[in-house]
Amino acid sequence: MRIVIIGAGAAGCFCAIEVKRRHPEAEVIILEKGSKPLAKVAITGGGRCNLTNSFLEVKSIKQVYPRGEKLMKRALKRFSNEDTMQWFENEGVRLVTQDDQCVFPQSQDAMEIVLTLTGLAKRLGIEIITNSKVLSVENAKNDGFIVKTEAHSYDATHVVVTTGGSPKVSGIAFLNPLELDIIEPVPSLFTFNVEDKELHNLMGTVVEKVSARLTGTKFSSEGPLLITHWGLSGPAILKLSSHAARHLADNNYNAEVSINWFCDINEQDVLGLLSEMAKQNPQKQLSNIYPEQFIQRHWLYILNKVGLSPQKKWQEVGPKQMNRLASLLTNDIYKITGKGQFKDEFVTCGGVALSNIDINTLECKKHPGLYFAGEVLDVDAVTGGFNLQAAWSMGYIVAQSI
């Protein structure tokens, strides 16, 4: 029994370990085109490795997995976030759950996760061959598969594809001989470029809870928002980009985003809050009295955008001006002119279509013995440890299925 795993990322290494533990006699080989295994894991979470999430604030699986919800519902029943935490703790990794429900190693060092997995692989006798780009996977004449690299050909009884998200469909061209249904990959976790120099001057400003939606669509999200020197970022924007990934790609990343700086409070209620503020501070200037979620320079930017002088006293603001201010605060529109890259953590929407596989076993329907796990499939998540959880869960299921 020879199992060839293509891709030494989170799903591939985890699957290899779980397969080898179940079949110690099996030969397990991981082929990695890069120079190091788990390179993406080493940089995830800003180098701290956000390896899962508590899921305590997740109301529905669709909320965190825009694509692959049905598969992930089943996968998490088989190998949950709690199972993941227990698995790593059993290997001596102490974990900590942050206030935002993201789970990290207590060491705050992603290399602890990398070394835990590579150390286990080595002790179990799993061979990881780096700088080994796979050129093709083909059915063998009798049974099994032939995996061809630039330097070698491997006969395999089972093949597991865990190559991660590919920016272009050419990245999974090695699967062409198998004639699978492929969905064109597009980025699914990115920030928004906004051409507004006044806004760029606010770079580094964070508003803790906003709602963001793409105008003319049902796509929306909530969370902290970060203003950057190129536009808008932070969890609210990253979540929105994930859910609207295909829509934004189809529109060449030209769209409008509406920000409600008061999150879920509507315009009429915001008008009431402003009126109360004016009533309690009639002689104070607008520049000095403002809602608590803003810092002064951000508030001054809002006043300028709505055409109100910062020196104006609250009692001097007329009903029309007050209405205009409330309207802007709950529906502040920015033109998106492109996407920014979210660090080096490339996440894609698309890849191998879920129609190719049995979602209970992750085995290919057309080619028994061929499995897929992780982001190479058309499954992806919002930021917060959910993509890595998908990798652990799917890697485990493939190992169990084999």
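What counts, and where the lines are drawn
- Residues numbered from 1 in each chain as written.
- Predicted model: local features only at pLDDT ≥ 70, side-chain atom pairs only at ≥ 80, totals over all residues.
- Heavy atoms only, no water.
- Helix = DSSP H or I, 4+ residues; strand = E, 2+ residues; numbered from the N terminus.
- Areas by Shrake-Rupley, 256 points an atom, 1.4 Å probe, with all protein chains shown as cover.
- Lys, Arg positive; Asp, Glu negative; His and termini not counted.
- Charge placed at Lys NZ, Arg CZ, Asp CG, Glu CD.
- Pairing = 2+ DSSP bridges.
- Axes fitted to C-alpha atoms, helices over the stretch in contact; angles between N-to-C directions.
- Buried < 20%, exposed > 50% of the residue type's maximum accessible area, 1.4 Å probe, protein only.
- Contact = heavy atoms within 4.5 Å.
- Core = buried A, V, L, I, M, F, W, Y, C linked by side-chain atoms within 4.5 Å.
- Polar contact = N/O pair within 3.5 Å; in protein donor to acceptor, adjacent residues only side chain to side chain.
- Phe/Tyr/Trp six-rings, centres within 6.5 Å; stacked < 30°, edge-to-face > 60°.
- Lys NZ or Arg CZ within 6 Å of the ring centre and 35° of its normal.
- Parallel < 35°, antiparallel > 145°, perpendicular 65-115°, else oblique.
- Left-handed = near helix turned anticlockwise from the far one by under 90°.
- Salt bridge = Lys/Arg side-chain N within 4 Å of Asp/Glu carboxyl O.

**Describing the overall build of the chain**
In terms of helices and strands, the chain carries 13 helices and 19 strands. Principal-axis analysis of the C-alpha atoms gives the chain an extent of 85 × 40 × 35 Å. Carbon and sulfur atoms form 48% of the exposed surface of the chain, whose accessible area is close to 18,000 Å². For the chain, the distance from the average site of its 42 positive side-chain charges to the average site of its 43 negative ones is 3 Å.

**As for the sheet that holds strand S19 (residues 370–372)**
Read across the sheet, 5 strands follow the order S6-S2-S1-S10-S19 without closing on themselves; strand pairing throughout is parallel. Each edge of the open sheet is held by one strand with a lone partner, namely strand S6 (127–129) and S19. Each strand axis lies, on average, 20° off the axis of its neighbour in the sheet, ignoring direction. As defined by bridge partners, strand S2 (residues 27–31) adjoins S6 across 3 bridges and the pair is classed as parallel.

**Notes on the side chain of Gln 389**
Positionally, Gln 389 belongs in helix H13 (residues 386–401). Take Gln 389: its relative accessible area is 0%, and that puts it in the buried class. Those residues within four positions of Gln 389 in sequence are excluded, and the remaining contacts are Leu 51, Thr 52, Phe 55, Tyr 65, Leu 76, Phe 79, Ser 80, Asn 81 and Thr 84.

**Some points on the nonpolar core**
With 84 residues, the main nonpolar core has Tyr 65, Met 72, Phe 372 and Trp 392 as its most contacted residues. The greatest single-element share of this core, amounting to 10 residues, is contributed by H13. In contact with Tyr 65, not counting residues within four places along its chain, are Phe 55, Met 72, Leu 76, Asp 380, Ala 381, Phe 386, Gln 389 and Ala 390. Among the nonpolar cores identified, the runner-up in size contains 49 residues, and Ala 236, Val 257, Leu 308 and Ile 336 belong to it.

**A word on the environment of Gln 101**
Note that Gln 101 resides in the loop between strand S4 (95–97) and strand S5 (102–105). Since its relative accessible area comes to 13%, Gln 101 is described here as buried. Sequence separation of Gln 101 and Thr 157 is 56 residues, and the distance between their C-alpha atoms is 40 Å. Sequence-distant contacts of Gln 101, that is, excluding residues within four places in its chain, are made with Thr 52, Asn 53, Ser 54, Leu 56 and Glu 57. At 3.2 Å, the side chain of Gln 101 and the backbone oxygen of Asp 99 are in polar contact.

**Some points on the sheet that holds S4**
Spatial ordering of the open sheet is given by S3-S5-S4, a layout of 3 strands whose pairing is antiparallel. A strand with exactly one partner marks an edge of an open sheet, and here the two such strands are strand S3 (52–53) and S4.

**Comments concerning the packing of aromatic side chains**
Evaluation of the coordinates by the stated rule reveals 14 aromatic pairs. Centroid distance Phe 14 to Trp 87: 4.6 Å. Interplanar angle 50°. Geometry classified as tilted. Taken as a pair, Phe 14 in helix H1 (residues 10–22) and Trp 87 in helix H5 (residues 81–90) lie far apart in primary sequence, 73 residues in all. On the numbers, 6.2 Å between centres and 50° between planes, the contact of Phe 190 with Phe 192 is tilted. Given a relative accessible area of 2%, Phe 190 falls into the buried group. Members of the aromatic cluster, joined through ring pairs, are Phe 14, Phe 79, Trp 87, Phe 88, Trp 392 and Tyr 396. Of note, Lys 305 hangs over the ring of Tyr 334, and the distance from its end group to the ring centre comes to 3.7 Å. Taking the ring centre of Tyr 253 as reference, the NZ or CZ of Lys 339 above it sits at 5.5 Å.

**Some points on the packing of helix H11 (residues 296–306) against helix H12 (residues 319–330)**
The description of two helices packed together rests on the angle between their axes and the distance between the axes. The interhelical angle for the contact between H11 and H12, taken along N-to-C directions, is 120°, at an axis separation of 10 Å. Classed by the angle they form, the pair H11 and H12 counts as oblique. Classified by chirality, the crossing of H12 by H11 is right-handed. Within the contact between the two elements, H11 uses Trp 299, Ile 302, Lys 305 and Val 306 and H12 uses Arg 324, Leu 325, Leu 328 and Leu 329.

**Some details on the pattern of salt bridges**
Applying the stated criterion to the full structure yields 9 salt bridges. A salt bridge links Glu 18 to Arg 21; the nearest nitrogen and oxygen atoms lie 3.6 Å apart. Here the residue Glu 18 and the residue Arg 21 both occupy positions in helix H1, the gap between them amounting to 3 residues, near one helical turn. A relative accessible area of 6% places Glu 18 in the buried class. Judged by relative accessible area, Arg 21 falls into the partly exposed class, the value being 35%.

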